[in-house]
Amino acid sequence: MTEWWVSQKKNFCEYCKVWTGGHLWQVRKHEEGRMHQEKKELYLKNCRQREKDRQREEPDLKRQLAEIEKAAKAAMDAAPYADRNGGDADPGDGDGDAPPPPPPPGGSRPMKAFRPPGAGPGTLR
């Protein structure tokens, strides 16, 4: 075979979700088409609507977060064993008077040295 296959440049349209040829005239022809213009306008309309919805919900979200913070603060203030210094004064928290936990069963195994495949016995890393 004497011919070589050469890949042609492609252009992906984000609005239409289609591939077009990469030549300038093919891209321009697609962008001037009715379907592309309709989908682009629909996309922009949806973006504007999402932004309006986000701005409408933002004050409500802030109000809800303030209520949650207020309830959490009230719950922290009402805790029976809350330490006023910022720590937890729970008597069962392990102040250091309890012995350390036992080691895991099976003991510890020594780690093996890494040896690359095909290396001899004297080439450890």
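Our structure's up above, just so we're on the same page.
Read on for an overview of the structure.

Moving on: the overall build of the protein chain. When its secondary structure is counted, the protein chain shows 2 helices and 2 strands. Helices and strands appear in the protein chain in the N-to-C order β-β-α-α. Within the protein chain, the proportion of its 125 residues that are buried is 6%. In the protein chain, of all internal contacts separated by at least 6 residues, the share reaching a separation of at least 24 is 7%.

Within the secondary structure, His30 sits in helix H1 (residues 24–31). Among all residues touching His30, those that are not within four sequence positions of it are Cys13, Cys16, Val18, Thr20 and His36.

With that out of the way, let us pick up the side chain of His36. By secondary structure assignment, the location of His36 is in helix H2 (residues 34–77). Within the structure, the side chain of His36 is placed 3.3 Å from the side chain of His30, a separation counted as a polar contact.

Before going further, it helps to spend a moment on the pattern of salt bridges. According to the stated counting rule, one finds 9 salt bridges in the structure shown. With its nearest N and O atoms 2.6 Å apart, the salt bridge here joins Arg54 to Glu51. Taken together, the residues Arg54 and Glu51, both in helix H2 and 3 residues apart, mark about one turn of the helix. Among the residues examined, Arg54 registers a relative accessible area of 44% and is labelled partly exposed. One salt bridge connects Asp60 with Arg63, and the closest N-O pair in it is separated by 2.4 Å. Linking Asp60 with Arg63, this pair stays in helix H2, spanning 3 residues, or about one helical turn. Shared partners join several salt bridges into a network, and the residues in it are Glu51, Arg54, Glu58 and Lys62.

Turning next to the state of the cysteines. Within the structure shown, the criterion is met by 0 disulfides. Free of any disulfide, Cys13 has its nearest neighbouring cysteine sulfur in Cys16, separated by 3.7 Å. Looking at Cys16, the relative accessible area reads 11%, which means it is buried.

What counts and how
- Counting from 1, residues in each chain are numbered in the order their sequence is written.
- In keeping with the predicted nature of the model, local features appear solely for residues at pLDDT of at least 70, side-chain atom pairs appear and are counted solely at 80 or more, and the whole-chain, interface and lining totals rest on all residues.
- To get the side-chain values, take all heavy atoms of the structure and skip hydrogens and water.
- Runs of E in the DSSP output that reach at least two residues are strands. Runs of H or I that reach at least four are helices, and both are numbered from the N terminus.
- The buried label goes to any residue with under 20% of its type's maximum accessible area, the exposed label to any with over 50%, and the partly exposed label to all in between, with areas taken from a 1.4 Å probe on protein chains only.
- Only heavy atoms enter the contact rule, under which two residues are in contact if any of them lie within 4.5 Å.
- Any pair of nitrogen or oxygen atoms within 3.5 Å is treated as a polar contact; in protein, a donor-acceptor pairing is required on top of that, and neighbouring residues in sequence qualify only through side-chain atoms on both sides.
- A carboxyl oxygen of Asp or Glu within 4 Å of a side-chain nitrogen of Lys or Arg is what we treat as a salt bridge.
- Two cysteine sulfurs form a disulfide in these notes if their separation is within 2.5 Å.

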